[in-house]
Amino acid sequence: MQKSDQLTLANQQSTRWFSFADQQTISEAAVNRILQSATSAIASRGRFLLVLAGGSTPKNIYALLRSAQADWQNWHIYYNDDRCLPVDHPDRNSLMAHEVWLRHVPIPASQIHDIPTELGPVEGAKSYAKTLEGISDFDLVLLGLGEDGHTASLFPGKISDDSVDAFPVFDAPKPPPERVTISAARLSRTREVLFLVTGAGKQEPVDNWRNGQAIPATLITPQNGVDVYCQGIILR
Ligand code: 6PG
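Every value quoted in this text rests on a predicted model; they were computed, and no experiment measured them. (Residues numbered from 1 in each chain as written. Predicted model: local features only at pLDDT ≥ 70, side-chain atom pairs only at ≥ 80, totals over all residues. Heavy atoms only, no water.)

A. Representation of the sheet that holds strand β7 (residues 179–182) within the structure. With respect to topology, three strands assemble into an open sheet ordered β4-β7-β6, the strand pairing being antiparallel. Each end of this open sheet is capped by a strand with a single partner; those strands are β4 (81–83) and β6 (166–169). Along the sheet, successive strands turn relative to each other by an average axial angle of 15 degrees, direction set aside. Bridging between β6 and β7 involves four bridges; their strand directions are antiparallel. (Pairing = 2+ DSSP bridges. Helix = DSSP H or I, 4+ residues; strand = E, 2+ residues; numbered from the N terminus. Axes fitted to C-alpha atoms, helices over the stretch in contact; angles between N-to-C directions.)

Here is the structure:
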């Protein structure tokens, strides 16, 4: 078997698929998973390093977390990417998370690490790479999936600069074009990965992924594999 085939097979074997009937059940399952991961991390290491997904899919999940009981003092929040827009722009991933969840729970502000994308892609990436310096493996990375198979701001046909923890994106096909993303290599340094994929618009990238196509989501290769929570998608 060719090395590339072996890699594809390994990738497929370490990807676990879960299908949920509706928005409420996938959101509740994701919240339970996040809270379990937090409890385990805090029990073992005294803190929970969570990386948030951007986009619209996780909004319901973040809103449910607002009323969850958790040891918030030991949560540390990062983002897998953000768009280069003003801090108060409605399309900022960090604004959405703060609005529906983070400003309603007592996670210390010093432990919520928004990506300073208002500085622009280059300066924002430099600053976030500095923030990530010395941070151990993440405990849980949440990720979305784009209709073209992208995840975070890792897009088809673009390389992930895995020599750094975070890098600038200038030509994202999904607006806005300028972003900062954590690299695939750094996102893979985590104990758990949970992809959240909902809606018929994601059927094609899921089919491609399950058929062994090297979509950008397959760049995320943590030792323990990845879990993909799907809703409104046929796992054929
Ligand atoms: C972004 C996200 C991006 C997103 C997917 C899915 O900043 O746009 O990081 O990777 O997760 O595009 O977006 P939806 O959840 O809105 O479909």
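B. Region of interest: the layout of surface pockets. Reported here for the largest pocket is a volume of approximately 320 Å³. Lining of the largest pocket is provided by 25 residues; of these, G54, G55, L145, H150 and K174 occupy positions nearest its centre. When the residues that make up the lining of the largest pocket are grouped by side-chain class, the tally is eight nonpolar, 10 polar and seven charged. (1 Å grid on protein atoms, 1.4 Å probe; cavity = no way out; pocket = protein on both sides within 12 Å on 5 of 7 lines; lining within 4 Å. Points joined across faces, edges and corners; volume = space filled by probe spheres on them. Nonpolar A, V, L, I, M, F, W, Y, C, P; charged D, E, K, R; others polar.)

C. Up close: empty space enclosed by the protein. The tally for this structure, following the rule as stated, stands at one cavity of 30 Å³ or more. Looking at the largest cavity, its volume works out to about 30 Å³. The wall of the largest cavity is formed by Q23, I26, S27, T57, N60, I61, L196 and T198. At three residues, helix α2 (residues 23–45) tops the list of elements feeding residues into the lining of the largest cavity. By residue class, the composition of the lining of the largest cavity is three nonpolar, five polar and no charged.

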